[in-house]
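# An overview of the molecular structure
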Amino acid sequence: MKKRIVVLLLVFVLLGVIIGLLVRCSEPSPENRDASSSGKRIEALIDKMTLEEKVGQMTQITLSHLLRQDEEGVKEPFELDTARLRKAVVDHHVGSILNNGGHANSLAKWHTIISQIQEMAMDETRLGIPVIYGIDAIHGANYTQDATLFPQQIAQAATWNPEIVREAASITAYETRASGIPWNFSPVLGLGREPAWPRFWETFGEDVHLAKTLGRAMVKGYQGDQLTSDSTRVAACMKHYIGYSVPRTGKDRTPAWIPERQLRQYFLPPFAEAVDAGVKTVMINSGDVNGIPAHSSSFLLKDLLREEMNFEGLVVSDWMDIRYLHTRHKIAATQKEAVKMAVNAGVDMSMVPDNYRFFDHLVALVREGKVSEQRINDAVRNILEVKMDLGLYEKPVTHYENYPKFASEEFSRANLEAAREAITLLKNKGNNLPLDKNTRVLVTGPTANSMTALNGGWSYTWQGLETDRFIEEHHTVLEAIEAKAGAANVMYAAGSGFEEDKNLRAAYQKAQQADHIILCLGENAYCETPGNINDLYLPESQQKLARRMAATGKPVTLVLVEGRPRLISNFEPQMDAVVMGYLPGNRGGDAIADVLFGDVNPSGKLPFTYPRHPNSLEIYDHKSTETNGPQHGLGYNPQYSFGHGLSYTTFQYSDIRLSDSTMAEDGRIDVEVEVTNTGNRAGKETVMMFLRDHYASVTPPVRKLKDYQKVALEAGESRKVQFQIRPQDITFVGRDNRWIREEGKFSVMIAGRQATFVFNKSQS
Ligand code: BGC
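Residues numbered from 1 in each chain as written. Predicted model: local features only at pLDDT ≥ 70, side-chain atom pairs only at ≥ 80, totals over all residues. Heavy atoms only, no water.

### Some details on the site of the ligand
Rule in force here: Nearness is judged by heavy atoms alone; a residue qualifies as near a molecule or strand once a single heavy atom is within 4 Å of it. Polar contacts here mean pairs of N or O atoms no more than 3.5 Å apart (in protein, one a potential hydrogen donor and the other a potential acceptor; neighbouring residues in sequence count only if both atoms are side-chain atoms). Think of it as three bins: nonpolar holds Ala, Val, Leu, Ile, Met, Phe, Trp, Tyr, Cys and Pro, charged holds Asp, Glu, Lys and Arg, and polar takes everything else, Gly as well.
Not every one of the 13 residues close to the ligand is listed here, only the nearest: Asp136, Arg199, His240, Arg253 and Asp318. Between the ligand and the protein, one listed contact pairs an oxygen atom with a side-chain N or O atom of lysine 239 at 2.9 Å. At 2.6 Å from an oxygen atom of the ligand is found a side-chain nitrogen or oxygen belonging to aspartate 318. Its residues assigned to classes, the shell around the ligand comprises six nonpolar, one polar and six charged.

Structural data, given as structure tokens:
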């Protein structure tokens, strides 16, 4: 009898399994599912969801809050606390989790974490909706041990090479997905027009066109063309929308004042371009613009983002930023009021990140009729769509074993290539560089022997200060120089700390025995508010070291490893050469050594204006009134201008040829210039085309970048480079804040040459 019961039970279990499998198989595969069927699926889900389930989807919690804790915080090694996870995912139906728990994890650890989360979300909740995990993988999968860490965004911008940016993003997506994570809070599309801002290096620099083109390349690299069926891709998140990057004080998360004309002309286009490229998500600016915190602005979140730019994706808040409407910005008298403001303004998901008050308040607000159920449904729809677009229902967990190229030699080579193209030679008096490998060099300064400095923030930890602990095999600048020139030719002295004096005398003494001094100055890692500064000059201790090295009478090459242009004007004239390394990532030391010793011909160009004086921060596309007084060193007179970057070869430009001297409303002008490598080694040159509007009803900038192309030329080789100008290229935001174009004279400017044409609407 007993035996029979057991057999019967077994048959039932087996039947259950078969039925389960059949149900799973009948789910449409991502390839077959068209937009409308996924739309129907989402609507069906929304119909079934309770209010709590919907609000849970809108709630994002940080990983640390879900890990085992003791009195000191998260317990090492990290482990999910099942009770905490259940409270989030089952009791509060949380739709999203973010961050790294404190520091980078191994692939295996990530796999365990993500699997546990998804198992609970899919098996223990009524509707089995997968969680979307998000992370800041801003220069590689920087929270995964051993991942490929690329140059930071500002350095990628210095390559002026969209293909390099696309490739780096595509590798980052692969390694992020290998870590089980499908959502990346990148790229930053704010413009770097405020050099003191501690997130300057997270931008593509000061120019609109450069940020537009590289932002598009990055979004494409992250998302690919077929997000759903490609589990090597991640959803991108353009951030921080909008105006975050130009705080008036230069300090992080302080107010910005941006007239609407400027907002539209400069700050919106990179975001609009990313929307056009299909970006799936957006993160909101933590600060306020013109007195209105972005998280509460229906003008920014509805009128501009949804109505004008037609963004259809998911809007996520930044860290605690709904709460901050109450506690920091003081526009909401209570936290509940803050939730109402933000959700009604258009925020779909709150990066809470460490409690359930957002959840409680929002449920109450809907019940009280202060937030409509329709608004909630819209937000949930946006969230579920991204989950579906990512194929998370079909594949909630990816396994690192299916990502054999993770941290591969191939990826490392791509990384090195990116760093090599970023390094920018700013000065080379008397062709001091490249150095002969037999030169006896002294390497000194705080950034000489530090992987932490090369990578900057968002590297293994948020502030990036523990990088040296995570890296064994990569080279600092010193190690790369030793590997290249032979340890016997290389001396080292710390010389100075980042902010404090070190043994200056030892450096001075060693310098006596050197033929050349490689002086590595700059910044230690930082990001966000902890990176605020009061003084743009490099700290005094570093200036002292520079002056002391110059006093030896030996030639000095200054290598800058820094996230923003720290002023060097009070000792730069004594430097023989200056190499800008930015934050070049894990292969940055090698790339800098390659440039110093001539194995690579530098081709990086500054993506921003390097200022000379702290109170003269004019940028390249300033108005002509800002140029006043250059004869006295006043007005626009930067240390190095936007687009500047030298090579070990020389390039000569022909005159600019225009296909026509007039352009009509339906017309077009073809521009051609011939570039010749007149030196004796191969090199890469970025050909930049600027336009100047001679007269306009709104004061025009002295020039504006319209297009660029990077070309590789062998010694002696010439190349014709072509651009096109169309009427939309001469538009600007007029007096009524709308895009217009006006008739008149325009100059095309390429490498110091000019040609003019006239725009005449009526001419056929
Ligand atoms: C930053 C965002 C980031 C978020 C999540 C915030 O502090 O401003 O850029 O994506 O944290 O880590």
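### Some remarks on the domain arrangement of the chain
This is how the line gets drawn: Here the bounds of each domain stem from an automatic or database domain assignment. By definition in these notes, contact holds between two residues if any of their heavy atoms fall within 4.5 Å. Values labelled buried area give the accessible surface lost by two parts on being combined, using a 1.4 Å probe and summing over both.
Entries for the chain in the domain assignment read domain 1 (33–396), domain 2 (409–632) and domain 3 (651–759). Spacing between the C-alpha centres of domain 1 and domain 2 amounts to 34 Å. Facing the 47 residues of domain 1 at the interface are 47 residues of domain 2. Together, the buried faces of domain 1 and domain 2 total about 3900 Å²; carbon and sulfur atoms form 60% of this surface. Contact with domain 2 buries area across many residues of domain 1, yet Leu149, Trp201 and Glu206 alone supply 16% of it, more than any other trio.

### Here we look at the sheet that holds strand β24 (residues 704–713)
Pairing between sheet strands relies on hydrogen bonds along the backbone, with the strands arranged either parallel or antiparallel. We apply this condition: By the convention used here, strands pair only if DSSP detects at least 2 bridges between them. Helix and strand definitions here come from DSSP, where helices need a minimum of 4 consecutive H or I residues and strands a minimum of 2 consecutive E residues; each element is numbered from the N-terminal end.
The strand order β21-β29-β28-β23-β24 describes an open sheet built from five strands, whose pairing is mixed. The open sheet terminates on both sides in strands that have one partner only, identified here as β21 (662–663) and β24. As paired strands, strand β23 (residues 683–693) and β24 are joined by nine bridges and run antiparallel to one another. Each bridged residue has a counterpart across the sheet, and for leucine 691 the counterpart in β24 is lysine 704.

### Brief notes about helix α4 (residues 82–91)
Here is the rule we go by: A 1.4 Å probe rolled over the protein chains alone gives each residue an accessible area, and that area as a share of the maximum for its type sets the label: buried under 20%, exposed over 50%, partly exposed in between. Working definition: the arc comes from the directions between the helix axis and the C-beta atoms, pointing outward to the latter.
Those residues of α4 that fall on the buried side of the exposure criterion are Leu85, Ala88, Val89 and Val90. All buried residues of α4 project into a common sector of 160 degrees when viewed along the axis, lining one side. Buried residues along α4 sit in contact with β4 (96–98) and α5 (107–123). Capping the start of α4, aspartate 81 holds a side-chain oxygen 3.0 Å from the backbone nitrogen of alanine 83, two or three residues further along. Two residues or fewer after α4 comes histidine 93, characterised by a positive phi angle close to 55 degrees.

### Description of the packing of aromatic side chains
We count it as follows: The aromatic pairing rule takes the rings of Phe, Tyr and Trp, using the six-membered ring of Trp, and pairs them if the centres are within 6.5 Å, calling planes under 30 degrees apart stacked, those over 60 edge-to-face and the rest tilted. A ring is scored as having a charge over it whenever the NZ atom of a lysine or the CZ atom of an arginine sits within 6 Å of its centre and within 35 degrees of its normal.
Scanning the entire structure with this criterion turns up 18 aromatic pairs. Three or more aromatic residues link up through ring pairs in this structure, and these residues are Trp160, Tyr620, Phe642, Phe690 and Tyr708. Over the ring of tyrosine 393 we find arginine 41, and its NZ or CZ is 5.0 Å from the ring centre. For arginine 328, the ring lying beneath its charged end belongs to tyrosine 324, and the centroid distance is 3.7 Å.

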